[in-house]
Amino acid sequence: MLLEIAIGDAYGAAFEFVPERLTRGHRVGPYARHPTHDIAPGCYTDDTQMSIAVAELLVSGASFSRANLADRFVSAFHRDPRVGYARGFYGFLQTVHSGREFLAGIRPTSSKNGAAMRSVPLGVCPHRFTVVERAVMQARLTHDTPEGIGAAAAVALMSHYFIYQCGAKN
């Protein structure tokens, strides 16, 4: 699953926030360079890195808590500070060195899609209630808005739906 997330993220990185006029007529092809961001073709972004942090917490055996999740986000960032984070969030992550510092300093007002992008691994949880509960928890760390929370829960549930083959794919 993480490999598939990384492949899709690396491919889509070239098109994120690019005006439609520049991507119109695009056909699937090799990895491309983003016209303004300094990310090499084929490199995954913060979305994959934060998905890895979520997955690491899931397999660690530690409780799925705000503090442990924040610790994983900070640890993943400092292990490999990579391009793709929003400028302000990147700067914030450079200044924190623990989950406690993260929770004390974060302003979780984003309504963008980051919380949704990193919620795919939560689909492995066997119960839908747990999937939603954890998706909401991780979203509230950075995207405590109706859009951020709703999108994270929807993506986590879609992942769960397909992992557990809850119905047709069409």
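Residues numbered from 1 in each chain as written. Predicted model: local features only at pLDDT ≥ 70, side-chain atom pairs only at ≥ 80, totals over all residues. Heavy atoms only, no water.

**Student:** Can you walk me through the overall build of the chain in this structure?
**Tutor:** Scanning the chain from terminus to terminus reveals nine helices and zero strands. The order of helices and strands in the chain, counted from the N terminus, is α-α-α-α-α-α-α-α-α. Compactness check: the chain gives a C-alpha radius of gyration of 16 Å against a globular reference of 15 Å for 170 residues, within 12% of the reference. In terms of principal-axis extent, the alpha carbons of the chain reach across some 45 × 45 × 30 Å. Sequence-distant contacts, at least 24 apart, represent 61% of the contacts inside the chain between residues at least 6 apart. On the chain, roughly 9,700 Å² of surface is accessible, and the fraction owed to carbon and sulfur atoms is 57%. Averaging the positions of the 17 positive and the 14 negative side-chain charges in the chain gives two centres separated by 3 Å. (Helix = DSSP H or I, 4+ residues; strand = E, 2+ residues; numbered from the N terminus. Rg over C-alpha atoms; globule rule 2.2 N^0.38 Å. Contact = heavy atoms within 4.5 Å. Areas by Shrake-Rupley, 256 points an atom, 1.4 Å probe, with all protein chains shown as cover. Lys, Arg positive; Asp, Glu negative; His and termini not counted. Charge placed at Lys NZ, Arg CZ, Asp CG, Glu CD.)

**Student:** I would appreciate a short explanation of the packing of helix α8 (residues 128-142) against helix α9 (residues 146-163) in the present structure.
**Tutor:** Relative placement of two packed helices is described by the angle separating their axes and the distance separating the axes. Between α8 and α9, the shortest axis-to-axis distance is 8 Å and the interhelical angle comes to 145°. In this structure, α8 crosses over α9, and the sense of that crossing is right-handed. When α8 is examined against α9, the residues Arg 128, Val 131, Val 132, Ala 135, Val 136, Gln 138, Ala 139 and Arg 140 are found in contact with a partner set consisting of Gly 148, Ile 149, Ala 152, Ala 153, Ala 156, Leu 157 and His 160. Looking at the contact of α8 with α9, its residues break down into ten nonpolar, three polar and two charged. (Axes fitted to C-alpha atoms, helices over the stretch in contact; angles between N-to-C directions. Left-handed = near helix turned anticlockwise from the far one by under 90°. Nonpolar A, V, L, I, M, F, W, Y, C, P; charged D, E, K, R; others polar.)

**Student:** Can you walk me through the packing of aromatic side chains in this structure?
**Tutor:** Evaluated as defined, the whole model comprises eleven aromatic pairs. Measuring from centroid to centroid gives 6.1 Å for Phe 73 and Phe 102, while their planes differ by 65°, and the two rings are edge-to-face. With Phe 73 in helix α4 (residues 66-79) and Phe 102 in helix α6 (residues 99-105), this residue pair connects regions lying 29 residues apart in the sequence. Pair check on accessibility: Phe 73 and Phe 102 agree, each one buried. (Phe/Tyr/Trp six-rings, centres within 6.5 Å; stacked < 30°, edge-to-face > 60°. Buried < 20%, exposed > 50% of the residue type's maximum accessible area, 1.4 Å probe, protein only.)

**Student:** It is not clear to me how the pattern of salt bridges should be interpreted in this structure. Could you clarify?
**Tutor:** Where charged atoms from two side chains of opposite charge come close, those side chains can pair. The final tally for this structure, using the stated rule, is three salt bridges. A salt bridge links Arg 82 to Asp 80, with the nearest nitrogen and oxygen atoms 2.8 Å apart. In this structure Asp 80 comes out as partly exposed when scored by relative accessible area, which is 26%. Arg 140 is the partner of Asp 144 in a salt bridge, and the nearest nitrogen-oxygen pair spans 3.4 Å. Classification of Arg 140 as partly exposed rests on a relative accessible area of 41%. (Salt bridge = Lys/Arg side-chain N within 4 Å of Asp/Glu carboxyl O.)

**Student:** So what exactly am I meant to see when it comes to α4 here?
**Tutor:** In an α-helix there are 3.6 residues to a turn, and that puts residues three or four apart on one side. Taking 1.5 Å per residue, 14 residues should reach 20 Å; α4 reaches 20 Å between its end C-alpha atoms and fits that length. Looking only at α4, the buried set comprises Leu 69, Ala 70, Phe 73, Val 74, Ala 76 and Phe 77. End-on, the buried residues of α4 take up no more than an arc of 165°, which puts them together on one face. On its buried face, α4 sits against α3 (46-60), α5 (87-95), α6 and α8. (Expected span 1.5 Å × (residues − 1). Arc of directions from axis to C-beta.)

So, to be careful, I would describe these as geometric facts and stop short of saying anything about function.
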